[in-house]
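# Structural features, examined
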Amino acid sequence: MKKTFVILCASVIVLGGCNFFGAFNPDEELPVVAPEAASANASMVDKDGNELGNVKFTETTEGLKISMDLKNVPAGEHGVHIHTVGKCERPDFESAGAHFNPENKQHGVKNPEGPHAGDLPNITPDGEGNVQVEYVANNLTLKSGMANSLFDEDGSAIVLHEKADDYVTDPSGNSGVRIACGVITKE
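Per an unreviewed UniProt entry, the protein goes by the name Superoxide dismutase [Cu-Zn] and belongs to Lysinibacillus composti. According to the UniProt record, the Function (unreviewed entry) comment for the protein is "Destroys radicals which are normally produced within the cells and which are toxic to biological systems. May play a role in favoring mycobacterial survival in phagocytes." Here the protein is described in UniProt, under the heading Sequence similarities (unreviewed entry), as follows: "Belongs to the Cu-Zn superoxide dismutase family."

## Considerations on the overall build of the protein
Looking only at helices and strands, the protein features one helix and nine strands. Reading the helices (α) and strands (β) of the protein from amino to carboxyl end gives α-β-β-β-β-β-β-β-β-β. Summarising the internal contacts of the protein: among those between residues at least 6 apart in sequence, 61% fall at separations of at least 24. Summing over all exposed atoms, the protein offers an accessible surface of approximately 11,200 Å²; the carbon and sulfur share of this is 54%.

## Description of the nonpolar core
Counting 29 residues, the largest nonpolar core has Phe-57, Leu-140 and Ile-158 as the members making the most contacts within it. Looking at this core, the elements with two or more residues in it are strand E1 (39–46), strand E2 (51–59), strand E3 (64–70), strand E4 (78–83), strand E5 (119–123), strand E6 (131–137), strand E7 (157–161) and strand E8 (178–183). Among the elements that line this core, the one with the most residues is E3, at four residues.

## Overview of the packing of aromatic side chains
Given two aromatic rings, one states the distance between the centres and the angle between the planes to describe the pair. The full count for this structure, using the stated rule, is zero aromatic pairs. Lying across the ring of Phe-151, Lys-186 places its NZ or CZ 5.1 Å from the centre.

## Quick word on unusual backbone geometry
Cis geometry marks the peptide bond from Gly-114 to Pro-115, where omega comes out at 5°. Turning to its location among the elements, Pro-115 is positioned in the loop between E4 and E5. Across the junction of Asp-170 and Pro-171, the peptide omega takes the value 10°, indicating a cis bond. Look at Asn-174: it is not a glycine, yet its phi comes out positive at around 55°. Considering the arrangement of structural elements, one finds Asn-174 in the loop between E7 and E8. Residue classification places Asn-174 among the partly exposed residues on the basis of a relative accessible area of 48%.

What counts, and where the lines are drawn
- Residues numbered from 1 in each chain as written.
- Predicted model: local features only at pLDDT ≥ 70, side-chain atom pairs only at ≥ 80, totals over all residues.
- Heavy atoms only, no water.
- UniProt positions renumbered as here; feature names shortened; annotations may be inferred.
- Helix = DSSP H or I, 4+ residues; strand = E, 2+ residues; numbered from the N terminus.
- Contact = heavy atoms within 4.5 Å.
- Areas by Shrake-Rupley, 256 points an atom, 1.4 Å probe, with all protein chains shown as cover.
- Core = buried A, V, L, I, M, F, W, Y, C linked by side-chain atoms within 4.5 Å.
- Buried < 20%, exposed > 50% of the residue type's maximum accessible area, 1.4 Å probe, protein only.
- Phe/Tyr/Trp six-rings, centres within 6.5 Å; stacked < 30°, edge-to-face > 60°.
- Lys NZ or Arg CZ within 6 Å of the ring centre and 35° of its normal.

Here's what the structure looks like:
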């Protein structure tokens, strides 16, 4: 009886072939069922309210990918930082608070006591004021509930400074006043 059942099952599978499980068509696109990567966006504005462009944040396995696409950025090298409060009140953007620093470190990637989680690489616009850069910050996340999440109770902002960050001087790398800001919002 047991042997007959096994033979019967094997016959059904062999005779059913691919149709038993669904036909296979190599040209057919199969839907991918995977969670969508968390992402966020910040619209950058200057002290006069002019839009400079967008910064996109995408969660990856390596860290938080930050993609900047800005226009009309003043000439020269500029410091860029994530700040602790999701507020960008003009004209000085002081409402964005201090640098994002959940581990209470000193400022700067060259500082032996640093860096802040919100310390990012300097940017330099091309001759027409355009900036298109992309980099990964492995000490930031968009995942809620984590100490280094940009989405805590009061949110976060990304700020562009007037001068280059020296990557060492606490608390802001001597990067000067804040010239543009964008509140980071979930997409």
